[in-house]
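The lines below spell out each chain.
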Amino acid sequence: TSPTQAIQRAETQLLVQEVLNRMDPIDREILVLKYFEQLTTSEVASELGIKRSTAGKRYIAALKRLKQELSAIPGFDHLNES
């Protein structure tokens, strides 16, 4: 990793963290459990004490909000390509 890439990665991590910090706590928790803990939707529901269907809906909504927030930041416009 070049110094420039390291700086860009650090800036990206900071921006993503800022967006996550502005999100509803349960939405943030769902994203963390799904991506970082790699739990299934059923496991997330169990962990949070909510129904599986609710966890799935909250996950999809949280992911859309995260993508929307990040897409508004210059340099993250590539997210609209997927």
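Structure: above.
**Comments concerning the packing of helix 1 (residues 3-22) against helix 4 (residues 52-71)**
Packed helix pairs are specified by the crossing angle of their axes together with the interaxial distance, meaning the distance between the axes. Taken N-terminus to C-terminus, the directions of helix 1 and helix 4 make an angle of 130°; their axes are 10 Å apart at the nearest point. Here helix 4 runs oblique to helix 1, going by the angle between their axes. For the crossing formed where helix 1 meets helix 4, the hand is right-handed. Facing V16, V19, L20 and R22 of helix 1, the residues of helix 4 in contact are L66, E69 and L70. Residue composition of the contact of helix 1 with helix 4, grouped by class: five nonpolar, no polar and two charged.

**Remarks on the pattern of salt bridges**
For the structure on display, the rule yields four salt bridges. The shortest N-O distance in the salt bridge between R58 and D27 comes to 2.9 Å. Here R58, found in helix 4, pairs with D27, found in helix 2 (residues 25-35); they are 31 residues apart in sequence, far enough to count as distant. Given a relative accessible area of 28%, R58 falls into the partly exposed group.

**Examining the packing of helix 2 against helix 3 (residues 41-48)**
It is at 10 Å that the axes of helix 2 and helix 3 come closest, and there the two elements cross at 135°. In this view, helix 2 runs oblique relative to helix 3, as classed from their interaxial angle. Helix 3 is crossed by helix 2, and the crossing has right-handed handedness. On the side of helix 2, the interface is formed by I26, E29, I30, L33 and K34, while helix 3 contributes T41, V44, E47 and L48.

**Thoughts on the nonpolar core**
In globular proteins that are soluble, nonpolar side chains generally tend to be buried together. Membership of the largest hydrophobic core comes to 15 residues, with the highest contact counts inside it found for M23, L31, L66 and L70. When residues of this core are traced back to their parent elements, those giving at least two are helix 1, helix 2, helix 3 and helix 4. For this core, the leading source of residues is helix 4, giving five residues. If near-sequence neighbours (up to four positions away) are discounted, L31 is found in contact with L20, M23, F36, Y59, A62, L63 and L66.

**What to know about the packing of aromatic side chains**
Counted according to the given criterion, the structure contains one aromatic pair. Each ring, one from Y35 and one from Y59, has its centre 6.3 Å from the other, and the planes form 40°; the classification is tilted. Of this pair, Y35 sits in helix 2 while Y59 sits in helix 4; the two residues are 24 residues apart in sequence, bridging distant segments of the chain. Judged by its relative accessible area of 45%, Y35 falls in the partly exposed class. Seen from the ring of Y59, K34 lies directly overhead, with NZ or CZ sitting 4.9 Å from the centre.

Conventions we followed
- Residues numbered from 1 in each chain as written.
- Predicted model: local features only at pLDDT ≥ 70, side-chain atom pairs only at ≥ 80, totals over all residues.
- Heavy atoms only, no water.
- Axes fitted to C-alpha atoms, helices over the stretch in contact; angles between N-to-C directions.
- Helix = DSSP H or I, 4+ residues; strand = E, 2+ residues; numbered from the N terminus.
- Parallel < 35°, antiparallel > 145°, perpendicular 65-115°, else oblique.
- Left-handed = near helix turned anticlockwise from the far one by under 90°.
- Contact = heavy atoms within 4.5 Å.
- Nonpolar A, V, L, I, M, F, W, Y, C, P; charged D, E, K, R; others polar.
- Salt bridge = Lys/Arg side-chain N within 4 Å of Asp/Glu carboxyl O.
- Buried < 20%, exposed > 50% of the residue type's maximum accessible area, 1.4 Å probe, protein only.
- Core = buried A, V, L, I, M, F, W, Y, C linked by side-chain atoms within 4.5 Å.
- Phe/Tyr/Trp six-rings, centres within 6.5 Å; stacked < 30°, edge-to-face > 60°.
- Lys NZ or Arg CZ within 6 Å of the ring centre and 35° of its normal.

Remember, this is a structural readout, not a statement about activity or role.
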